[in-house]
Amino acid sequence: MRQSIRALSWTITISSLLVFAFFVTAVHSLSQTILTEQGIQLGDHQIGYSDDSMTLSMPISINNTSYFDITQIQLSSTLNNYYGQELSTATQLIETIEMGTNIHIAHNLSLNVPMLLSSATVLLFEDTEFTVDVLVDFKYASALGFQIGLVNMSVPWGAPLYGLNFSGIGSFQFNGTHLVTNCTVEFENHSFLDVNGTVQLTAYNHLDEYLGVGIHEFNVASHSQLDAPFEVALLMEYPFAYSGSGTIKITLDLDFLDYPHNLGSITYG
Amino acid sequence: MADCINDEKTLIDWVKLVLPRIMRSIVGGFIMGGGVLLFLHLTDIKSFLPLELSGLTTLLYISMGFEIVIQLLSYTIFQHVLRLARTFLFMVLLVLETSGGIINLPLESFLTLPLPSNANFVFNIDVTVVLGIFILLSTLNLAKNLLQTIQFAVKQAEKPRTLPAFK
């Protein structure tokens, strides 16, 4: 019994020392890599826009200068709105980064803008802030799990139709084929995308019968504004139904929206 | 009766018995935590470490306290019982101090690059595998201490006893 106790005692002592030494070495090695040598770097995010989707691109470089391999690397990012609701998420997997090697990748997080604006119309008119969480999960030395990341990074959202105001419809002139009027659409494009679209005026008579339609196209570049008055000539498809009074329905049709946005209606005559 | 009187210990006997135990307890206490505690108090290493050391110092104080008492009570059954208790307590404290193996380190102050505004840096370590190995080793240690306790009890039972003379 005495011999077995002694053997057990040595086994425990040696095993404990080995495990402790491994743990300290691994943590120290990785800490040095991350903190001193900046082995894991998240670059400045860049925002791009193409084919109805906004892409947030984050360059990530991992330089494994430590003593062990980094395995099962999972890059994940989440875009949340102001209220913390998830808007988009992306995950990327890398199998192994052996010691002494490095990788540079761009982690992309895409957001379908038309879908986003359809679900939250308020984003068309109000500036807000999104938050991005970027996390890197990995196994180190096949035994330790690490999670490193930046959470709550602010990404500003500029409203494409900030301060939208429709005004200036005054006198109407009917020349037999067209109903001509002047109006003003004002808004500031705070977003990173150009706002292309049309203002559509649809005329009805006092019996609410369709008369005709007039369209004004506009193109407002990113971070500029639209405030100049313009003239719209509504082509009367049914001029004989024109009674001198009725309503005009105004709709805004934007390239990046799947549906026209109704601005309301005014009466004339 | 005469034997009983002869067995009574003098002051020198007590000093011979207690002094080595006190010496051993001082050395043992230093090795089992006192030395590290002294190092932490004398140096400014706390400011360089990304950890709250309160948990570690608690473990070291407990370890040192147990070792001192164990050495003072050596050659008694309490020595083995205390070793059992210490191993068990350490298993529990290790799990509690590491939050079950997931450690969150506040490393923001150690970053050399500035963080984006409002952003928080996250650094979590999952040490469940290493903790599992330590728990396994602690269980083996528990078994070893139990065997030592049984061995001590058996030895004591096998010792010849002289009954006091019946009047």
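Provided above is the structure to which this section pertains.
Since the model is a prediction, treat every value here as computed from it, not as a measurement.

A. A look at the packing of helix 1 (residues 2–36) of chain A against helix 5 (residues 128–158) of chain B. Contact geometry of helix 1 of chain A with helix 5 of chain B gives a least axis separation of 10 Å together with a crossing angle of 155 degrees. Taken together, helix 1 of chain A and helix 5 of chain B sit at an angle that is classed as roughly antiparallel. The crossing of helix 1 of chain A and helix 5 of chain B is left-handed. Between helix 1 of chain A, through Arg2(A), Ile5(A), Leu8(A), Ser9(A), Ile12(A), Ser15(A), Ser16(A), Val19(A), Phe20(A), Phe22(A) and Phe23(A), and helix 5 of chain B, the contact on the second element is made entirely by Val130(B), Ile133(B), Phe134(B), Leu137(B), Leu140(B), Asn141(B), Lys144(B), Leu147(B), Gln148(B), Gln151(B) and Lys155(B).

B. Here's a closer look at the interface of chain A and chain B. In this complex, chain A contributes 28 residues to the contact, which on the side of chain B involves 31 residues. For the pair chain A and chain B, the summed buried area comes to about 2700 Å², and 71% of that belongs to carbon and sulfur atoms. Three residues, Ile5(A), Ile12(A) and Leu35(A), lead the burial of chain A against chain B; their summed loss comes to 19% of the area buried on that side. Between the two partners, chain A and chain B, sit zero salt bridges. Seen at the junction of chain A and chain B, the total is four residue pairs in polar contact (both at pLDDT 80 or more). Mapped onto the side of chain A that touches chain B, the elements with two or more residues apiece are helix 1 and strand 8 (144–157) of chain A. A per-element tally of the side of chain A that touches chain B places helix 1 of chain A first, with 13 residues. Its residues placed into classes, the side of chain A that touches chain B shows 18 nonpolar, nine polar and one charged. Pairing of strand 8 of chain A with strand 2 (residues 120–126) of chain B, which is carried by seven bridges, proceeds in the antiparallel orientation.

C. Molecular detail of a nonpolar patch on the surface. Residues and elements named next belong to chain B. Together, Leu 11, Trp 14, Val 15, Leu 17, Val 18, Leu 19, Ile 22, Met 23, Ile 26, Ile 68, Val 69 and Leu 72 make up an exposed nonpolar region whose accessible area comes to about 1000 Å². When residues of the nonpolar patch are traced back to their parent elements, those giving at least two are helix 2 (11–42) and helix 3 (54–72). Here the nonpolar patch takes nine residues from helix 2, the largest share from any one element. Positionally, Ile 26 belongs in helix 2. Since its relative accessible area comes to 53%, Ile 26 is described here as exposed.

D. Just a positive patch on the surface, in detail. Where like charges cluster on the molecular surface, the positive patch consists of Arg2(A), Arg6(A), Lys155(B), Lys159(B) and Arg161(B). On the basis of relative accessible area, Lys155(B) is assigned to the partly exposed category, the value being 45%.

E. Spotlight on the environment of Gln147(A). Residue and element names in this part refer to chain A. In this fold, Gln 147 is placed in strand 8. Along the chain, Gln 147 and Val 136 lie eleven residues apart, while their C-alpha atoms are 5.7 Å from each other. For Gln 147, the side chain forms a polar contact with the side chain of Asp 137, separated by 3.3 Å.

F. Expanded view of the nonpolar core. Residues and elements named next belong to chain A. Core analysis: the largest hydrophobic core is formed by 76 residues, its most contacted members being Ile 73, Phe 138, Phe 218, Ile 248 and Leu 254. A total of seven residues in this core trace back to one element, the largest contributor, which is strand 8. Contacts of Leu 254, omitting those with residues within four sequence positions, involve Leu 124, Leu 161, Val 195, Asn 196, Gly 197 and Phe 218.

G. Up close: the pairing of strand 16 (residues 246–254) of chain A. All names here are of chain A. Bridging between strand 12 (residues 195–205) and strand 16 involves nine bridges; their strand directions are antiparallel. Each bridged residue has a counterpart across the sheet, and for Gln 200 the counterpart in strand 16 is Thr 251. In terms of strand pairing, strand 16 meets strand 17 (residues 261–268) through seven bridges, oriented antiparallel. What sits directly across from Leu 252, in strand 17, is His 261. The hairpin formed by strand 16 and strand 17 contains six residues between the paired strands.

H. Quick peek at unusual backbone geometry. Positive phi, normally seen in glycine, also occurs at Ala141(A), with a value near 55 degrees. Looking at the element boundaries, Ala141(A) is found in the loop between strand 7 (128–140) and strand 8. Residues other than glycine seldom take positive phi values, yet Ser99(B) does so here, at roughly 50 degrees. Residue position: Ser99(B) is located in the loop between helix 4 (77–97) and strand 1 (102–104). Of the residues examined, Ser99(B) reaches a relative accessible area of 53% and is grouped as exposed.

I. Representation of the packing of helix 2 of chain B against helix 3 of chain B within the structure. Residue and element names in this part refer to chain B. It is the contact of helix 2 with helix 3, at a shortest axis distance of 7 Å, that shows an interaxial angle of 170 degrees. With respect to helix 3, the element helix 2 is oriented roughly antiparallel. Taken together, the residues that form the contact of helix 2 with helix 3 break down as ten nonpolar, nine polar and three charged.

J. Summary view of the environment of Lys144(B). With respect to the helices and strands, the residue Lys144(B) is situated in helix 5. Residues Lys144(B) and Leu84(B), 60 residues apart in the sequence, show an inter-C-alpha distance of 8.9 Å. Once residues lying within four places of it in the same chain are set aside, the contact partners of Lys144(B) are Ile5(A), Leu8(A), Ser9(A) and Ile12(A).

K. Spatial organisation of helix 4 of chain B. All names here are of chain B. If you check helix 4, its first and last C-alpha atoms are 30 Å apart, about what 21 residues at 1.5 Å a residue would give, namely 30 Å. Its buried side turned inward, helix 4 meets helix 2, helix 3 and helix 5. Count one or two residues on from helix 4 and you reach Ser 99, which has phi positive near 50 degrees.

Cut-off values and rules
Residues numbered from 1 in each chain as written. Chains lettered and ligands numbered in written order. Predicted model: local features only at pLDDT ≥ 70, side-chain atom pairs only at ≥ 80, totals over all residues. Heavy atoms only, no water. Axes fitted to C-alpha atoms, helices over the stretch in contact; angles between N-to-C directions. Helix = DSSP H or I, 4+ residues; strand = E, 2+ residues; numbered from the N terminus. Parallel < 35°, antiparallel > 145°, perpendicular 65-115°, else oblique. Left-handed = near helix turned anticlockwise from the far one by under 90°. Contact = heavy atoms within 4.5 Å. Buried area = accessible area lost by both parts, 1.4 Å probe. Salt bridge = Lys/Arg side-chain N within 4 Å of Asp/Glu carboxyl O. Polar contact = N/O pair within 3.5 Å; in protein donor to acceptor, adjacent residues only side chain to side chain. Nonpolar A, V, L, I, M, F, W, Y, C, P; charged D, E, K, R; others polar. Pairing = 2+ DSSP bridges. Patch = residues over 30% accessible without salt bridge, like charges linked within 9 Å, V, L, I, M, F, W, Y side chains within 5 Å. Areas by Shrake-Rupley, 256 points an atom, 1.4 Å probe, with all protein chains shown as cover. Buried < 20%, exposed > 50% of the residue type's maximum accessible area, 1.4 Å probe, protein only. Lys, Arg positive; Asp, Glu negative; His and termini not counted. Charge placed at Lys NZ, Arg CZ, Asp CG, Glu CD. Core = buried A, V, L, I, M, F, W, Y, C linked by side-chain atoms within 4.5 Å. Expected span 1.5 Å × (residues − 1).

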